[in-house]
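Below are the chains, spelled out letter by letter.
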Amino acid sequence: MSAPPKRRAAVTGIGVVAPNGTSTESFWKSTQEGVSVLDRVSREGCGHLPLKVAGEVRSFDPSAAVEERYLVQTDRFTHFAMAAADAALEDARLGRADTERAPFSAGVVTAAGSGGGEFGQGELQKLWGKGSRYVGPWQSIAWFYAASTGQISIRRGFKGPCSVVAADEAGGLDALAHAARAVERGTDVIVAGATEAPLAPYSMVCQLGYRELSPVEDPARAYRPFTEGACGFVPAEGGAMLAVEEAGAARERGVPVRATVAGHAATFTGASCWELSREGLAEAIRGALAEAGCAPEEVDVVFADALGVPEADRAEALAIADALGAHGRRVPVTAPKTGTGRAYCAAPVLDTVAAVLAMEHGLIPPTPNVFDICHDLDLVTGCARTTQVGTALVLSRGLMGSNSALVLRHGAVGAP
């Protein structure tokens, strides 16, 4: 008796709330044009802090995206997540009726690095300024890094596999992998991704301990990985959510398979141990390629982690060469996040969205603000590069030592 065909996890819907666009269309337009939106921090209460440059989401109205009863009990990072989840489900043509028929086969997986800092700060100010009776009941959950998973599942009536991934920045890719594996095991649909809102005063103060944070005040020079002028990364807010479902089921519904999640692997090499990340990231790449059944020379583009710290950039360039061999020095590499900032767990999810769109449009977006590359990489800079993209490799590392690699195949290539 032959085994049933393997279920394949497909990306069928995308929702984006990013500094360079609050829809998939506006995000892609800015990304493919290499637009940089890095600017001086404008958030209230942050002007005196030494962190001067960030990627802010400035055109998002939470009251237009989220009902009042959810709005008052959630932080900005969850507002982003709920809006992006709605957009992803709409893009996948999955209305409430579709998921209500089988609520236990719909779930949510998110990753978050810091949770609801702005909400928590506001409640703590009430506590110390007015007294405990002025602290609202939602303080107990709104700050929690799992809040977005919980609120999306409650709001949408999803009762299937729900979880949150704690793997610092690399958790964004790990969340997508968890979603793919849930679908492969039989779940109908998982909404997966990551959003962050780390630009409130309390959250920003917490970040000041990261030695990898850029101190430069010029937005055009503050985040320049793979160059002699590399001086650290610029933080950002926002993120993306993806609808992940079984490829065959999507086609039966008449929904295009935008990409398949073909392979993933993760390793751990220790906090700020960037030289060690060479070996760990290379091993993650090899593991992801092996799971995808993908030869190194099949990779058409690499979306780099691009931390912007010299020793970390060197380790990543060498890891790509170690894992991909001679092809690692020829394959196009890009880091669109240099134009928007590094949104912690959400950064690799936004890269994943860009990778899916790059495959759909046959176009590799450039790396904004970067010109004088000092590593042996074919880094796409200046303007986008037109080329057929069938397989994309997305990389991510966390400040605490996580490494993750994800292989995506174009819908027409990866689906059976």
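What counts, and where the lines are drawn
Residues numbered from 1 in each chain as written. Predicted model: local features only at pLDDT ≥ 70, side-chain atom pairs only at ≥ 80, totals over all residues. Heavy atoms only, no water. Helix = DSSP H or I, 4+ residues; strand = E, 2+ residues; numbered from the N terminus. Rg over C-alpha atoms; globule rule 2.2 N^0.38 Å. Buried < 20%, exposed > 50% of the residue type's maximum accessible area, 1.4 Å probe, protein only. Areas by Shrake-Rupley, 256 points an atom, 1.4 Å probe, with all protein chains shown as cover. Lys, Arg positive; Asp, Glu negative; His and termini not counted. Charge placed at Lys NZ, Arg CZ, Asp CG, Glu CD. Expected span 1.5 Å × (residues − 1). Polar contact = N/O pair within 3.5 Å; in protein donor to acceptor, adjacent residues only side chain to side chain. Contact = heavy atoms within 4.5 Å. Phe/Tyr/Trp six-rings, centres within 6.5 Å; stacked < 30°, edge-to-face > 60°. Lys NZ or Arg CZ within 6 Å of the ring centre and 35° of its normal. Axes fitted to C-alpha atoms, helices over the stretch in contact; angles between N-to-C directions. Parallel < 35°, antiparallel > 145°, perpendicular 65-115°, else oblique. Nonpolar A, V, L, I, M, F, W, Y, C, P; charged D, E, K, R; others polar. Salt bridge = Lys/Arg side-chain N within 4 Å of Asp/Glu carboxyl O. Left-handed = near helix turned anticlockwise from the far one by under 90°. Pairing = 2+ DSSP bridges.

Right, let's get into the overall build of the protein. Scanning the protein for helices and strands turns up 15 helices and 15 strands. By the compact-globule yardstick of 22 Å for 416 residues, the protein fits well, its C-alpha radius of gyration being 20 Å. Principal-axis analysis of the C-alpha atoms places the extent of the protein at approximately 65 × 55 × 35 Å. Out of the 416 residues belonging to the protein, those deemed buried represent 61%. Within the structure as shown, the protein displays about 15800 Å² of accessible surface, and the carbon and sulfur contribution to it stands at 54%. Counting 37 positive and 47 negative side-chain charges, the protein places the centres of these two groups 3 Å from one another.

Now for helix H4 (residues 76-91). The terminal C-alpha atoms of H4, which comprises 16 residues, lie 23 Å apart, in line with the 22 Å expected from a rise of 1.5 Å per residue. Of all 16 residues that make up H4, 13 are buried, and the element is covered over most of its length. The residue sitting at the N-terminus of H4 and contributing the capping side-chain oxygen is Asp75; that oxygen lies 2.9 Å from the backbone nitrogen of Phe77. Within two residues after H4, Arg93 carries a phi angle of roughly 60 degrees, on the positive side.

Inspection of the secondary structure assignment puts Leu127 in helix H6 (residues 117-129). When near neighbours in sequence (up to four residues on either side) are disregarded, Leu127 contacts Ser132 and Val135.

The residue Asp168 is not glycine, and still its phi comes out positive at about 35 degrees. Tracing the chain through its elements places Asp168 in the loop between strand E5 (162-165) and helix H9 (171-184). Asp168 gets classed as buried once you look at its relative accessible area, which sits at 18%. We note that Phe226 has phi near 65 degrees; this positive angle belongs to a residue other than glycine.

With that settled, the discussion passes to the packing of aromatic side chains. For any pair of aromatic rings, geometry is given as the distance between the ring centres together with the angle between the planes. Inspection of every chain in the model, using the stated rule, returns five aromatic pairs. Measuring from ring centre to ring centre gives 5.8 Å for Phe233 and Tyr344, while their planes differ by 90 degrees; the resulting arrangement is edge-to-face. One end of the pair, Phe233, is in the loop between helix H10 (201-207) and strand E7 (238-246); the other, Tyr344, is in the loop between strand E10 (332-334) and helix H14 (346-361), with 111 residues separating them in the sequence. Residue class for Phe233 comes out buried when judged on its relative accessible area of 0%. An aromatic cluster is present here, built from Trp143, Phe144 and Tyr145 joined pairwise through their rings. When the ring centre of Phe233 is taken as origin, the NZ or CZ atom of Arg342, which lies over that ring, is 5.8 Å away.

Our focus in this paragraph is the packing of helix H1 (residues 24-32) against H14. Where H1 contacts H14, the axes come no closer than 11 Å and their chain directions differ by 80 degrees. Considered as vectors, H1 and H14 are oriented roughly perpendicular to each other. Every residue of H14 that contacts H1 at Thr24, Phe27, Trp28 and Thr31 is listed here: Leu350, Val353, Ala354, Leu357, Ala358 and His361. Looking at the contact of H1 with H14 residue by residue, the class counts come to seven nonpolar, three polar and no charged.

All chains considered together, the criterion is met by 27 salt bridges. Put simply, Arg156 and Asp86 hold a salt bridge, and the shortest N to O gap is 2.9 Å. Note that Arg156 is positioned in helix H8 (residues 147-156) and Asp86 in helix H4, a separation of 70 residues in sequence. Take Arg156 and Asp86: they sit in the same class, and that class is buried. Linking Arg224 and Asp372 is a salt bridge whose minimum nitrogen-to-oxygen distance equals 2.7 Å. Pair noted here: Arg224 is in the loop between H10 and E7 and Asp372 is in the loop between strand E11 (363-364) and strand E12 (378-379), with a separation of 148 residues, a long-range link. Through salt bridges that share partners, Glu169, Asp305, Glu316, Arg342 and Arg397 make up one connected network.

Two elements in contact, helix H12 (residues 274-292) and helix H13 (residues 310-324), have axes whose closest approach is 8 Å; the angle formed by their N-to-C orientations is 35 degrees. The chirality of how H12 crosses H13 is right-handed. The residues of H13 that touch H12, namely those facing Trp274, Ser277, Arg278, Leu281, Ala282, Ile285, Arg286 and Leu289, are Glu311, Ala312, Ala315, Glu316, Leu318, Ala319, Ile320, Asp322, Ala323 and Leu324. Class assignment for the residues of the contact of H12 with H13 results in 12 nonpolar, one polar and five charged.

Moving on to the side chain of Glu196. Mapped onto the fold, Glu196 is located in strand E6 (residues 189-196). The buried charged residue Glu196 lacks any salt bridge partner; its closest oppositely charged side chain belongs to Arg342, at an N-O distance of 9.8 Å. The residues contacting Glu196, other than those within four sequence positions of it, are Phe77, Phe80, Ala112, Gly113, Ser114, Glu237, Gly238, Ala343, Tyr344, Cys345 and Ala346.

Note that an α-helix has 3.6 residues per turn; residues three or four places apart therefore point the same way. Counted at 1.5 Å a residue, the expected span for H14 with its 16 residues is 22 Å, and the 23 Å between its end C-alpha atoms agrees. Among the 16 residues that make up H14, 14 are buried, leaving the element largely enclosed by the rest of the structure. Note on H14: the residue one or two positions beyond its end, Gly362, has a positive phi of about 60 degrees.

Turning to the pairing of strand E1 (residues 9-17), a few remarks are in order. In terms of burial, E1 is largely enclosed, as nine of its nine residues are buried. In the sheet, E1 pairs with E7 via eight bridges, with the strands oriented antiparallel. From the neighbouring strand, Gly13 faces E7, where its bridge partner is Ala243. Bridge count between E1 and strand E8 (residues 259-268): two bridges; the pairing is antiparallel. Within E8, the position partnered with Ala10 by the bridge is Thr260.

Okay, the side chain of Asp305 next. Along the chain, the position of Asp305 falls in the loop between strand E9 (301-303) and H13. Within polar-contact distance, the side chain of Asp305 engages the side chain of Arg397 at 2.9 Å.

By themselves, these observations are geometric and do not establish any function.
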